[in-house]
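Summary of structural features
Residues per chain are reported as follows:
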Amino acid sequence: MIKVSDQAKAKAIQLMTEDGFKPFEDYIRVGVKSGGCSGLEYVLKFDNEKTDTDQVFEDNDIKIIVDKKSILYLAGTILEYSGGLNGKGFVFNNPNASRTCGCGESFSL
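First, a word on what this report is: a plain description of the structure on this page. (Residues numbered from 1 in each chain as written. Predicted model: local features only at pLDDT ≥ 70, side-chain atom pairs only at ≥ 80, totals over all residues. Heavy atoms only, no water.)

All right, on to the pairing of strand E2 (residues 27-34) then. Most of E2 is tucked away: six of the eight residues are buried. Bridge analysis of E2 against strand E3 (residues 40-47) gives eight bridges, and the strand direction is antiparallel. Across the sheet, Ile28 pairs through a bridge with Phe46, a residue of E3. Inspection of the sheet shows E2 paired to strand E5 (residues 62-67) by four bridges, in the parallel sense. Paired with Tyr27 across the bridge in E5 is Lys63. (Buried < 20%, exposed > 50% of the residue type's maximum accessible area, 1.4 Å probe, protein only. Helix = DSSP H or I, 4+ residues; strand = E, 2+ residues; numbered from the N terminus. Pairing = 2+ DSSP bridges.)

Here is the structure:
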């Protein structure tokens, strides 16, 4: 469903640990909501609880939860991390997006 690159895994582990989460037990919550300059925007946060409407995926030893309404928008997405001077942080490489904004935080289908 959602893949996690090695760079994204390393940064997620670092940030989750700094925020008091357990990287190999807790989750990265990924979703989609209305907004942004392209119509839909990505949501990413750390979480230690899942709901009945969440689906759990695991890739590269990272657990990801996605709410059921976001699953279709995110199928096949790769979560990557871009650091450095021109880095954007976590980046969603979404094969379903027909258009993205310049910052990469919103998209349309």
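That shown, we press on.
Right, let's talk about the pattern of salt bridges for a bit. This model, assessed by the stated rule, comprises six salt bridges. The salt bridge partner of Lys3 is Asp59, with a shortest N-O separation of 4.0 Å. One end of the pair, Lys3, is in strand E1 (residues 3-4); the other, Asp59, is in strand E4 (residues 54-59), with 56 residues separating them in the sequence. For Asp54, the salt bridge goes to Arg29, with nearest N and O atoms at 2.8 Å. On the criterion of sequence distance, the pair formed by Asp54 in strand E4 and Arg29 in strand E2 is long-range, its members being 25 residues apart. The same class applies to Asp54 and to Arg29, which are both buried. Here the salt bridges share partners, and the residues they tie into one network are Arg29, Asp47 and Asp54. (Salt bridge = Lys/Arg side-chain N within 4 Å of Asp/Glu carboxyl O.)

The next point concerns helix H1 (residues 6-18). The terminal C-alpha atoms of H1, which comprises 13 residues, lie 19 Å apart, in line with the 18 Å expected from a rise of 1.5 Å per residue. Residues of H1 that are buried: Ala8, Lys9, Lys11, Ala12 and Met16. On its buried face, H1 is in contact with E1, E2, E3, E5, strand E6 (78-82) and strand E7 (89-93). Immediately beyond the C-terminal end of H1, within one or two residues, lies Gly20, with a positive phi of roughly 85°. (Expected span 1.5 Å × (residues − 1). Contact = heavy atoms within 4.5 Å.)

Before going further, it helps to spend a moment on the sheet that holds E7. The mixed open sheet is built from three strands, whose spatial order is E1-E6-E7. With one partner strand each, in any of the chains shown, E1 and E7 form the two edges of the open sheet. Pairing between E1 and E6: two bridges, direction parallel. Bridge pairing in E6 links Val4 to Leu79. Along the sheet face, H1 touches E1, E6 and E7 and points at about 75° away from the line of E6. (Axes fitted to C-alpha atoms, helices over the stretch in contact; angles between N-to-C directions.)

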